[in-house]
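Breakdown of the fold
Residue-level listing of the chains:
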Amino acid sequence: MFQVGGVKIGKNDYIAANYDIYYDKIKVFNIYMYGKERGIIFSSNISWEDIQVEPLVYSEIEESENEYKSMPLAEYLISYDRIKNSWLMAYAGANAASKKFPNASSALLYFLTSGQEGKTSNGYLLEEDIYKEGHTMREIDLYSAIEGDNKIEEKMKQNISEAKYIAERLGLSNGETITFSNVFETSGQTQEKGDWYLTLNRYRIKMECIVSREEKNYIMNVRYGIIDYYDWEANGDYSKFLINFSSTLLKEMSKAGMARNYTNYGEIYFMEIW
């Protein structure tokens, strides 16, 4: 159910107040929108932990998780030697690519070793039921990703600009503070064929802002995170840029239990003053 009431502030921009959303039985009030089509939806009633996964992403992760170790026993026994040889070739290829693609190489090696060194997903998302037991998280250096990929940096700057745009239009009085987060995870895209493209490709974004007004200045403390569920699509071709290896075979390794999908995540904290 949507109840919309808002103030248009430009041709394609508006702020909506007293905007009710019912999603998974969660009712949210006072949502501030930037952009008619593509901006992040922020809410002062959403905390970092409550930021929602988009339903389509949720279902895709669930489907991929259910494929782990799903290969029938007879097929596994027949295919074991072939898949194991492919695994050995992929492992050698990932190590060989470490100088040219250090982050992508590390990510693939983590996938091939079933993510045994990672932290469990306990407490990671509200919707933990989509992850099978043994799912792990691998922390990435987000500062390194921002410095190493222009598109990640550009997307973060865009998100900061959107948050500032909202902050300036909340009517904050001197000394007043407000906290808001994006209601749904938004998405970003890495630079094509680069190291972080082969590590993350498309990723999800979480953002929490604490904004205060001091005289004529705004001070915004930001918590910014990116998340990516690392898996291989049967029809994907970007693995060839890394190891010249079929994505279908990598996906098959997961079904056989020789490799494991996992979650890459990273977050940073910073301050903006203007």
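About the thresholds
Residues numbered from 1 in each chain as written. Predicted model: local features only at pLDDT ≥ 70, side-chain atom pairs only at ≥ 80, totals over all residues. Heavy atoms only, no water. Helix = DSSP H or I, 4+ residues; strand = E, 2+ residues; numbered from the N terminus. Buried < 20%, exposed > 50% of the residue type's maximum accessible area, 1.4 Å probe, protein only. Contact = heavy atoms within 4.5 Å. Areas by Shrake-Rupley, 256 points an atom, 1.4 Å probe, with all protein chains shown as cover. pLDDT = per-residue confidence, 0-100. Pairing = 2+ DSSP bridges. Lys, Arg positive; Asp, Glu negative; His and termini not counted. Salt bridge = Lys/Arg side-chain N within 4 Å of Asp/Glu carboxyl O. Polar contact = N/O pair within 3.5 Å; in protein donor to acceptor, adjacent residues only side chain to side chain. Core = buried A, V, L, I, M, F, W, Y, C linked by side-chain atoms within 4.5 Å. Axes fitted to C-alpha atoms, helices over the stretch in contact; angles between N-to-C directions. Parallel < 35°, antiparallel > 145°, perpendicular 65-115°, else oblique. Left-handed = near helix turned anticlockwise from the far one by under 90°. Nonpolar A, V, L, I, M, F, W, Y, C, P; charged D, E, K, R; others polar. Phe/Tyr/Trp six-rings, centres within 6.5 Å; stacked < 30°, edge-to-face > 60°. Lys NZ or Arg CZ within 6 Å of the ring centre and 35° of its normal.

Scanning the protein chain for helices and strands turns up eight helices and 14 strands. Burial statistics for the protein chain: of 274 residues in total, 50% are counted as buried. Of the contacts made within the protein chain by residues no fewer than 6 positions apart, 67% connect residues no fewer than 24 positions apart. Summed over all atoms, the accessible surface of the protein chain reaches about 14,100 Å², with 48% contributed by carbon and sulfur.

All right, on to the confidence of the model for the protein chain then. Scored by pLDDT, the protein chain comes out at a mean of 80, with 77% of its residues at no less than 70. Confidence, expressed as mean pLDDT per element, reaches its minimum in the protein chain at strand β1 (residues 2–3) with 32 and its maximum at strand β13 (residues 217–230) with 96. Predicted confidence for residues 117–127 stays below pLDDT 50, and this span has 32 contacts to residues more than four positions away or in other chains.

Time to look at the pairing of strand β11 (residues 186–189). Residues Thr-186 and Gly-188 of β11 are buried on one face, while the alternating residues Ser-187 and Gln-189, pointing to the opposite face, are not. Two strands pair when backbone bridges link them, and β11 and strand β12 (residues 202–214) are joined in this way by four bridges, in the antiparallel orientation. Paired with Ser-187 across the bridge in β12 is Arg-204.

The subject of this paragraph is the side chain of Asp-231. Mapped onto the secondary structure, Asp-231 falls in the loop between β13 and α7 (239–243). This buried residue, Asp-231, is left without a salt bridge; Lys-251 holds the nearest opposite charge, at 5.7 Å.

Along the polypeptide, Arg-204 turns up in strand β12. Here Arg-204 falls in the buried class, since its relative accessible area comes to 9%. C-alpha separation for the pair Arg-204 and Gly-188, spaced 16 residues apart in sequence, amounts to 6.2 Å. Reaching out from Arg-204, the side chain makes a polar contact with the side chain of Glu-185 at a distance of 2.7 Å.

In this section: unusual backbone geometry. Even without being a glycine, Lys-69 presents a positive backbone phi close to 55°. Tracing the backbone through its elements, the reader meets Lys-69 in the loop between α1 (55–67) and α2 (73–96). Backbone geometry places Glu-215, a non-glycine residue, at a positive phi of 55°. Position of Glu-215 relative to the elements: it lies in the loop between β12 and β13.

Phe-180, Met-207, Cys-209, Val-211, Tyr-224 and Ile-226 are the most contacted members of the largest nonpolar core, which totals 31 residues. Residue assignment for this core shows that the elements contributing at least two residues are α4 (142–148), α5 (150–167), β10 (177–182), β12, β13 and β14 (262–273). When residues of this core are assigned to their parent elements, the largest contribution, seven residues, is made by α5. Ignoring sequence-local partners within four residues, the contact set of Ile-226 consists of Ile-140, Leu-142, Leu-200, Tyr-203, Arg-204, Ile-205, Asn-264, Tyr-265 and Gly-266.

Attention now goes to the packing of α2 against helix α8 (residues 247–256). When two helices pack together, their arrangement is given by the angle between their axes and by how far apart the axes lie. Contact geometry of α2 with α8 gives a least axis separation of 10 Å together with a crossing angle of 125°. In this view, α2 runs oblique relative to α8, as classed from their interaxial angle. Taken as a pair, α2 and α8 cross one another with a handedness that is left-handed. Across the interface between the two elements, Tyr-76, Arg-82, Ile-83, Ser-86, Trp-87 and Ala-90 from α2 touch Leu-249, Leu-250, Glu-252, Met-253 and Ala-256 from α8. Split into classes, the residues belonging to the contact of α2 with α8 amount to eight nonpolar, one polar and two charged.

With the rule as written, the count across this model stands at seven salt bridges. Salt-bridge contacts for Glu-185 lead to Arg-204; the nearest nitrogen and oxygen are separated by 2.7 Å. Within this pair, whereas Glu-185 is found in the loop between β10 and β11, its partner Arg-204 is found in strand β12, the two being separated by 19 residues in sequence. Each member of the pair, Glu-185 as well as Arg-204, carries the same accessibility label: buried.

A complete count under the given rule lists ten aromatic pairs for this structure. Measuring from ring centre to ring centre gives 5.8 Å for Phe-111 and Tyr-230, while their planes differ by 50°; the resulting arrangement is tilted. Of the two residues, Phe-111 is situated in helix α3 (residues 102–112) and Tyr-230 in strand β13; the sequence distance between them amounts to 119 residues. Both residues of the pair, Phe-111 and Tyr-230, belong to the buried class. For the ring pair Tyr-218 and Trp-274, a centre distance of 5.4 Å and an interplane angle of 20° mean the geometry is stacked. With Tyr-218 in strand β13 and Trp-274 in the segment after β14, the pair connects residues that are 56 residues apart, well separated along the chain. Three or more aromatic residues joined by ring pairs form one cluster here, namely Tyr-110, Phe-111, Tyr-230, Trp-232 and Tyr-262. Here the guanidinium or amino end of Lys-84 rests over the ring plane of Trp-87, the centre of that ring lying 4.5 Å away.

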